[in-house]
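Here is how the chains run, residue by residue.
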Amino acid sequence: ASLFGGTIAQSVVEEKQTRVVELLISAIPVRALLAGKVLGNTLLAMGQILVLAAIAIVGLTVTGQSEILQGLGGPIAWFAVFFFFGFILLASLFAAAAAMVSRQEDIGSTTTPITMLVMAPYFLVIFFNDNPVVLGIMSYVPFSAPVGMPMRLFLGEAQWWEPLLSLVILLVTCVAAIWVGAKIYENSLLRMGAR
């Protein structure tokens, strides 16, 4: 998520810095440009996740660890679903944050909070993997749900309805983030100078 989010941010600023964006938006609407960036990078990120899942499945099969593979099947599938929508949420925020700056050197100042939203769940899982309260909260917070809910499913701590509720919360947040991200992107794309 961080890798592809950074790619989106860099491409937005590069287009803005070289003024290519002015040509692009004369041919297509700004929202279509944003949608193309988000969807294209989402497909690439999902492809990477699916390749990693396939490697994990093949590795566990070859090494004869079918018990672990059976336990990971559902959580891996749920992770892919959560990652898909979570990445769309993050990608729209990365594009909006990058549209607020005019130089490559300034990308870090606007994307750092989003990068923290990506990294925090992984550290929380590492430090609190044996704490059901923290994992339970992470399961319903949209930015940490792609990590928290599959972890709870793997540990057998989640009820059958919990991933569905968490996914609904993530979808609602995703729609809101796309709307806010599109507004920021639209209003900031042609502005140069200070953010």
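Look a little higher up for the structure.
Student: Help me get a handle on the overall build of the protein, residues and values and all.
Tutor: Across its full length, the protein carries 8 helices and 0 strands. Shown N-terminal to C-terminal, the secondary structure of the protein runs as helices and strands in the order α-α-α-α-α-α-α-α. With the principal axes as the frame, the protein shows a C-alpha extent of 55 × 35 × 25 Å. Buried positions account for 38% of the 195 residues belonging to the protein. Of the roughly 10300 Å² of accessible surface on the protein, a fraction of 71% belongs to carbon and sulfur atoms.

Student: Talk me through the side chain of S166; I want residue IDs and the actual numbers.
Tutor: Tracing the backbone shows S166 in helix α8 (residues 162–188). In this structure S166 comes out as buried when scored by relative accessible area, which is 1%. Among the polar contacts listed, one links the side chain of S166 to the backbone oxygen of S139, at a separation of 2.3 Å. Apart from residues lying up to four places away in sequence, S166 is in contact with F82, S139, Y140, A145 and M149.

Student: Got a sec to walk through the environment of V58? Specific residues and values, please.
Tutor: Following the sequence through the fold, V58 ends up in helix α3 (residues 30–62). The exposed category is assigned to V58, whose relative accessible area is 52%. Note: C-alpha distance between V58 and C174 (116 residues apart in sequence) is 32 Å.

Calculation notes
Residues numbered from 1 in each chain as written. Predicted model: local features only at pLDDT ≥ 70, side-chain atom pairs only at ≥ 80, totals over all residues. Heavy atoms only, no water. Helix = DSSP H or I, 4+ residues; strand = E, 2+ residues; numbered from the N terminus. Buried < 20%, exposed > 50% of the residue type's maximum accessible area, 1.4 Å probe, protein only. Areas by Shrake-Rupley, 256 points an atom, 1.4 Å probe, with all protein chains shown as cover. Polar contact = N/O pair within 3.5 Å; in protein donor to acceptor, adjacent residues only side chain to side chain. Contact = heavy atoms within 4.5 Å.

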